[in-house]
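Residue-level structural notes
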Amino acid sequence: MTTPIVEIPAELQSYWNNLDCGFPRVGEVFPVCMQRALASLSNQGVEAYIEQARFLGKMGRGAEPILIFLEAWPEIAKSVGEDTLQDIMLFIRKMWKSPNGKAIVPFLQSLPVTARRLPSRDQLSDYLSIALDLMERTTGSVHGIHQTFPSPGLPEMYKQIQVLLSQLSLAGLKKWVDYGVRFYEDHPERQIEYFSLQSADSRAVMQRERHGTLLVDSDRKLSMYMRGLWQDEEMLIPYSSAFDELRKPMPYYDKLGIRLPDVYDDFVLPSPAGTDTQVRVAGIDRYRATLAHIIGHRRWGKAIFADNMSPFQRMAVEALEDSRVEYLAMREYPGLRPIFAALHPIPAEDACDNTKESGVRHRLTMLSRAILDANHTYKNVHIIEFARRFHELMQQGESSTQEIAELAITFVARTRLQSDNLPKTHFKDTEIGYRDDNRHMWNFMEEDDEGEVVDQNRKVESGEELKGLPPRHYHEWDYNSQSYRPDWVSVYEGLHPQGNPLDIDKLLEKHAGLAKRLKKMLDLLKPQDKVRIRYQEEGSELDLDVAIRSLIDYKSGAQPDTRINMSHRNDGRNIAVMLLLDLSESLNEKAAGSQQTILELSQEAVTILGWAVEKLGDPFAIAGFHSNTRHDVRYLHIKGYAEHWDDGVKSRLAAMEASYSTRMGAAMRHAAHYLEQQQADKKLMLILTDGEPADIDSKDGRILIEDARQAVKELDQQGIYSYCINLDPKADEYVSDIFGKQYTIVDNVAQLPERLPELFISLTK
């Protein structure tokens, strides 16, 4: 390694050795850079700082990348956080592996100003996505196979990024980049002119996309506004709506700060009929209104439990609680009223056709408007009555979230219509853009131990309708429109009725031979807390046997083995499993070549599997499901994660019955609700079924198959691995459409008690 010109202080020598850099220029600046890093970065941050600098120094691009990084990163990390380094280095590696290696230096040079304009990890990640899209679309190739020519526009954009981000939001930058790529993809010279802001159309497009008030430019004003008026000093964190058009993120707050859009356009209220006057709310005032609303929640709101409320009730509680905190904010600062009044939509009373649309949002927005504006023109008696009741309640003091919830639930009960369940919802003039998403308002009991909640709230008796918590509503995928049907399926859950646990013990005795074979396999899978790794040059302990043998060799004049240490590693299993059983009517049929029904054989297989998993100690739950139209999907808990393989679980398994149909997608989504909460490295959902998804209210045979396929994709995004064991000999026609390659077809159902545990063992090795 080359000795640096400046001597490295002793306390920094270990960092310099790890950096392993031979550039003299780096040695000159290293002590100063390292002192700044140690003062501002965490211990893990310092390790990552050295590790990534080492990579940049050995990349083959000279000293510039490592010099820029060492000098700039400690300050950048203050703006965007240390975790962002992972995203940045991943992007640099992609440039390095492509012909765009020369763009790494201008990229690193532009990072400090980029971080100041985009001071959050989410925003910087969105910016990197824009740059990556530009790179991939403009990097050329000779024969269209291997990339050969670097992107002409990529380094030019980095050089102009300060101008671009001072004028454009991320949404505007994305459109500006897309225009340049679309029109100059095959013209390298004109592409350079466009991305260096030399061409007329480049400046024209930038001017066209330049709009609104950028949060980063108003941060100081808004912080002073919060401190001066509200005595609140929370951090403001911008997000971009350009990268999540489907979900349409809303403002919210959490422990990290208040999340706001990165840009707000001026809001112009249309002129009343017969007049030329317009009401304009500046972007900065829209930010002030949003902050006043959020701070009102922080000051006067309190989280309440959501488990006993339907989605409609929760919507009503959120709407009236929003009105309450705004009422209190306007009581303290009356100047907020004209801003709220201008930004709040005014839905027409007759705009919603209740024979074709769900009007819940429409009614709640009208009520919210009536509460805000005493001069409203609504004639609906319920709107007038509940606006009056709201004001009477608020005249008594600040009220509370719980009191408002009671008023909101009464409003829902009084105004409920049959058409509220229609899949089409009336949205026109119902979106109140300055309000947050109210995630802070709710507590959920399901976040605690699932087994406890089931025991206390969801117990059902045999033959009775499921009782306990209200139904959970899940969306369902419509492949015809390529969109979700919102709140389409109602899932009722409860404990499975009980039977005789001795029946399960008899099944275990019946399969004693299989159990003995499985036990040998399970012993190999049982986790070991620590495993010795012997013959190590360096380790945590001296390996006495090897050390003595080496000493004997040494005394005998032979070459001793220097690997006299040993270390340990953890070798445990960290997996959570959900077994989801199809309990549809078809399970009552006799299995081919057997005197037993498919249900009886499934019962035996689950018994053996449950016994096996109990021996392993993996977190394990069992649930069954069947459906009778989308309005009545039954989800029956047989074993919870907190329960052991005891008589309670066996009694429920002994009482398994089959009836109705197979609406698989909704059951999988509900099972994922519990599996997702388990703390495990691997989460496995096994679905045992004997046929394709179907229900009596679904005339299109493909729609539930496509919905189940979409549910599998959702599970994969949640980090849940789904696997299907199908007992239908004709399953080849549909099962791969749903699960891809993640399935097994058991043609001989009589072999299921043996096949199911073996499949589980193979999947969890």
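Residues numbered from 1 in each chain as written. Predicted model: local features only at pLDDT ≥ 70, side-chain atom pairs only at ≥ 80, totals over all residues. Heavy atoms only, no water.

**Describing the overall build of the protein chain**
A count of helices and strands for the protein chain gives 29 helices and 22 strands. Taken across its 765 residues, the protein chain has 51% of its residues classed as buried. Long-range contacts, defined as pairs at least 24 residues apart, comprise 70% of the intrachain contacts of the protein chain with a sequence gap of at least 6. Of the roughly 37300 Å² of accessible surface on the protein chain, a fraction of 48% belongs to carbon and sulfur atoms. (Helix = DSSP H or I, 4+ residues; strand = E, 2+ residues; numbered from the N terminus. Buried < 20%, exposed > 50% of the residue type's maximum accessible area, 1.4 Å probe, protein only. Contact = heavy atoms within 4.5 Å. Areas by Shrake-Rupley, 256 points an atom, 1.4 Å probe, with all protein chains shown as cover.)

**Focus: the pattern of salt bridges**
Counted under the stated rule, the structure contains 40 salt bridges. The salt bridge partner of Arg25 is Glu64, with a shortest N-O separation of 2.8 Å. Separated by 39 residues along the polypeptide, Arg25 in helix α2 (residues 24–40) and Glu64 in helix α4 (residues 64–80) bring together distant segments of the chain. Note on Arg25: relative accessible area 44%, which makes it partly exposed. (Salt bridge = Lys/Arg side-chain N within 4 Å of Asp/Glu carboxyl O.)

**What about the environment of Pro693?**
The residue Pro693 is located in the loop between β20 (682–689) and α27 (703–717) in this model. Pro693 sits 45 residues away from Ile738 along the chain, and the two C-alpha atoms are 9.9 Å apart. Excluding its chain neighbours within four sequence positions, the residues that come into contact with Pro693 are Thr662, Met664, Leu704, Ile705, Ala708 and Ile738.

**What to know about empty space enclosed by the protein**
Per the counting criterion, the structure on display carries 4 cavities of 30 Å³ or more. Volume-wise, the largest cavity comes out at about 90 Å³. Along its surface, the largest cavity is lined by Arg117, Leu118, Gln123, Leu165, Leu168, Ser169, Leu170, Leu214, Val216, Pro238 and Asp262. Residue classes in the lining of the largest cavity are distributed as 7 nonpolar, 2 polar and 2 charged. The two domains that each donate at least three residues to the lining of the largest cavity are domain 1 (10–209) and domain 2 (213–443). (1 Å grid on protein atoms, 1.4 Å probe; cavity = no way out; pocket = protein on both sides within 12 Å on 5 of 7 lines; lining within 4 Å. Points joined across faces, edges and corners; volume = space filled by probe spheres on them. Nonpolar A, V, L, I, M, F, W, Y, C, P; charged D, E, K, R; others polar. Domains from an automatic or database assignment.)

**Re the confidence of the model for the protein chain**
For the protein chain, mean pLDDT is 85; residues scoring 70 or higher make up 90% of the total. Contacts of residues 446–468 to residues separated by more than four positions or lying in other chains number 47 contacts, the stretch itself having pLDDT below 50. (pLDDT = per-residue confidence, 0-100.)

**Digging into the nonpolar core**
Core analysis: the biggest nonpolar cluster contains 71 residues, and Ile92, Phe107, Tyr127 and Trp176 have the highest contact counts within it. Counting residues per element, this core draws most heavily on α4, which supplies 10 residues. The residues touching Phe107, leaving out its near neighbours within four places in the chain, are Ile88, Phe91, Ile92, Met95, Tyr127, Leu128 and Tyr158. In terms of nonpolar packing, the next biggest core, distinct from the first, is built from 60 residues, Leu215, Tyr225, Met366 and Phe386 among them. (Core = buried A, V, L, I, M, F, W, Y, C linked by side-chain atoms within 4.5 Å.)

**Considerations on the packing of helix α10 (residues 170–184) against helix α11 (residues 188–195)**
Orientation of α10 relative to α11, taken along the N-to-C sense of each, is 165 degrees, at an axis distance of 9 Å. One way to sum up the angle between α10 and α11 is to call them roughly antiparallel. When you trace α10 past α11, the crossing you get is right-handed. Each of Trp176, Val177, Tyr179, Gly180, Val181 and Tyr184 in α10 lies in contact with α11, whose residues at this interface are Arg190, Gln191, Tyr194 and Phe195. Per-class residue counts for the contact of α10 with α11 are 7 nonpolar, 2 polar and 1 charged. (Axes fitted to C-alpha atoms, helices over the stretch in contact; angles between N-to-C directions. Parallel < 35°, antiparallel > 145°, perpendicular 65-115°, else oblique. Left-handed = near helix turned anticlockwise from the far one by under 90°.)

**As for helix α25 (residues 647–654)**
Burial analysis of α25 places 6 of its 8 residues in the buried class, which makes it a mostly covered element. Of the positions making up α25, those classed as buried are Val649, Lys650, Ser651, Arg652, Leu653 and Ala654. Looking at where α25 begins, the residue whose side-chain oxygen comes 3.2 Å from the main-chain nitrogen of Gly648 is Asp646. (Polar contact = N/O pair within 3.5 Å; in protein donor to acceptor, adjacent residues only side chain to side chain.)

**Digging into the sheet that holds strand β18 (residues 620–627)**
Ordered by their spatial adjacency, 8 strands build an open sheet running β12-β13-β19-β18-β17-β20-β21-β22, and the pairing between neighbours is mixed. The open sheet is flanked by β12 (472–478) and β22 (743–745), the only strands paired with a single partner. Going across the sheet, the axis of each strand differs from the next one's by a mean of 25 degrees, ignoring polarity. Looking at chain direction, strand β17 (residues 575–582) and β20 are connected through 7 bridges and run parallel. Within β20, the residue paired with Ala576 across the bridge is Lys683. (Pairing = 2+ DSSP bridges.)

**Considering the environment of Gly499**
Following the sequence through the fold, Gly499 ends up in the loop between β13 (483–495) and α21 (501–510). For Gly499, a relative accessible area of 36% gives the class partly exposed. For the pair formed by Gly499 and Arg652, sequence separation is 153 residues and the distance between their alpha carbons is 5.9 Å. With residues near it in sequence (within four places) discarded, Gly499 still touches Ser651, Arg652 and Ala655.

**Focus on a negative patch on the surface**
Where like charges cluster on the molecular surface, the negative patch consists of Glu692, Asp732, Glu733 and Asp747. Among the structural elements, Glu692 can be located in the loop between β20 and α27. Assessed through its relative accessible area of 38%, Glu692 is described here as partly exposed. (Patch = residues over 30% accessible without salt bridge, like charges linked within 9 Å, V, L, I, M, F, W, Y side chains within 5 Å. Lys, Arg positive; Asp, Glu negative; His and termini not counted. Charge placed at Lys NZ, Arg CZ, Asp CG, Glu CD.)

**Focus: the sheet that holds strand β5 (residues 252–254)**
The sheet built from 3 strands is open, its strands ordered β4-β6-β5 with mixed pairing. The open sheet has two free edges, formed respectively by β4 (236–239) and β5, since each of these has just one partner strand. Along the sheet, successive strands turn relative to each other by an average axial angle of 30 degrees, direction set aside. Here β4 runs beside strand β6 (residues 257–261); their pairing, made up of 4 bridges, is parallel. Bridging across to β6, Pro238 finds its partner in Leu260. In the packing of helix α14 (residues 283–300) onto the sheet, the strands contacted are β4, β5 and β6, and the crossing angle to β6 comes to about 150 degrees.

**As for unusual backbone geometry**
With a phi angle near 65 degrees, Leu197 is a residue other than glycine that sits in the positive phi range. Residue classification places Leu197 among the buried residues on the basis of a relative accessible area of 12%. A positive phi angle, close to 45 degrees, is found at Asp487, a residue other than glycine. Note that Asp487 resides in strand β13.

**Comments concerning helix α18 (residues 381–394)**
Along its 14 residues, α18 runs 20 Å from first to last C-alpha, staying within 8% of the 20 Å computed at 1.5 Å per residue. Within α18 the residues assigned to the buried category are Ile383, Phe386, Ala387, Phe390, Leu393 and Met394. For α18, the buried positions fall inside an angular range of 125 degrees around the axis, keeping them on one side. The elements touched by buried residues of α18 are α15 (311–332), α17 (360–372) and α19 (401–415). Residue Asn380 occupies the N-cap position of α18, its side-chain oxygen lying 2.8 Å from the main-chain nitrogen of His382. (Expected span 1.5 Å × (residues − 1). Arc of directions from axis to C-beta.)

**Details of the packing of helix α13 (residues 215–230) against α14**
Between α13 and α14, the shortest axis-to-axis distance is 11 Å and the interhelical angle comes to 45 degrees. What the angle tells us is that α13 and α14 run oblique. Between α13 and α14 lies a crossing whose hand is right-handed. Residue-level inspection shows Leu215, Ser218, Leu222, Tyr225, Met226 and Trp230 of α13 in contact with α14, the latter providing Ile284, Tyr287, Arg288, Leu291, Ala292, Ile295, Arg299 and Trp300. Residues belonging to the contact of α13 with α14 are distributed by class as follows: 11 nonpolar, 1 polar and 2 charged.

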